[in-house]
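# Report on the structure
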Amino acid sequence: HDNMSPYNLSLAVIGAALLWVGWFGFNAGSAGAANVNAGMAMMVTQIAAAMGALTWLFVEWMSKGKPSVLGAISGAVAGLVGITPAAGYVDATGALAIGFASGLIAFWASTSVKKALGYDDSLDVFGIHGVAGIVGALLTGWFAIEAIGETAGSFQQVIVQAMGVGVTIVYTAIATFIILKVVDVIVGLRVTDEEEREGLDVTQHGERLG
């Protein structure tokens, strides 16, 4: 119920821009060489990020009456996340589709789903990173190009991707539960409501920006 809007959108945009640029090294660098595969990975990363940003903006515009800077950078990150499992396997068409789907479904997960389930995720980490990552992994199975990644997209490959997503969900759920229990015993998982309202910069670090 409290106003949880970003403290400084300028810094948020700078952070997103750094992520966007750094993601090229992440995806293209995975080729392990400065070759055609690296170039293709860099191109589809740019396309999907831009498409994710535009998709989130327009969906937000249609559903809330106005677009936002925060929505643009959230959509860009969703596109970056979605294209990551596909960067070495899809072409520009696949990148457009994955960017669109990632921006659209991540927006839905970060707004409607979060509100319906009532879970606490102020940075929309699950809605953007978790959901867009799942979307990208599944669509890789459909849009993969054999000439690019030696794997052809098919319904069977989508099933394989879904199995991989399922195993990942189970593993991370168990591992995260254990880690959270350990952290809860050592330092606790949450600050008090008063500390949260005052701001963690002040209560945890003793400093304030601006």
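The structure presented is a predicted model; accordingly, all values stated were derived computationally and were not measured.

## Thoughts on the side chain of D124
Inspection of the secondary structure assignment puts D124 in the loop between α4 (92-117) and α5 (125-143). The exposure class assigned to D124 is buried, which follows from its relative accessible area of 16%. If we ignore the near neighbours within four places in the chain, the residues touching D124 are S110, K114 and H129.

## Some points on the environment of V21
Position of V21 among the secondary structure elements: in helix α1 (residues 9-29). With a relative accessible area of 57%, V21 lands in the exposed category.

## Remarks on the packing of aromatic side chains
This structure, assessed with the given rule, holds four aromatic pairs. On the basis of an interplanar angle of 85 degrees and a centroid distance of 6.1 Å, the ring pair of Y119 and F126 is categorised as edge-to-face. Owing to a relative accessible area of 25%, Y119 belongs among the partly exposed residues under this scheme. Owing to a relative accessible area of 45%, F126 belongs among the partly exposed residues under this scheme.

## What to know about a nonpolar patch on the surface
Taken together, the side chains of V170, I174, F177, I178, I179, L180, V182, V183, V185, I186, V187 and L189 make up a nonpolar region of the molecular surface, amounting to roughly 1200 Å² of accessible area. Tracing the backbone through its elements, the reader meets I186 in helix α7 (residues 155-186). Residue I186 is classed as exposed on the basis of its relative accessible area of 63%.

## Things to note about the pattern of salt bridges
All told, the structure shown has two salt bridges when counted by the stated rule. In this structure, K114 engages D124 in a salt bridge whose closest nitrogen and oxygen atoms are separated by 2.7 Å. A residue pair is termed long-range when its members are at least 10 positions apart, and K114 in helix α4 and D124 in the loop between α4 and α5 qualify at ten residues. Measuring nitrogen to oxygen at the nearest pair gives 2.6 Å for the salt bridge that ties R190 to D120. Taken together, the residues span a long stretch of sequence, with R190 in the loop between α7 and α8 (193-198) and D120 in the loop between α4 and α5 at a distance of 70 residues. We classify D120 as exposed; its relative accessible area is 55%.

Calculation criteria
- Residues numbered from 1 in each chain as written.
- Predicted model: local features only at pLDDT ≥ 70, side-chain atom pairs only at ≥ 80, totals over all residues.
- Heavy atoms only, no water.
- Helix = DSSP H or I, 4+ residues; strand = E, 2+ residues; numbered from the N terminus.
- Buried < 20%, exposed > 50% of the residue type's maximum accessible area, 1.4 Å probe, protein only.
- Contact = heavy atoms within 4.5 Å.
- Phe/Tyr/Trp six-rings, centres within 6.5 Å; stacked < 30°, edge-to-face > 60°.
- Patch = residues over 30% accessible without salt bridge, like charges linked within 9 Å, V, L, I, M, F, W, Y side chains within 5 Å.
- Areas by Shrake-Rupley, 256 points an atom, 1.4 Å probe, with all protein chains shown as cover.
- Salt bridge = Lys/Arg side-chain N within 4 Å of Asp/Glu carboxyl O.

All we've got here are geometric facts, nothing functional implied.
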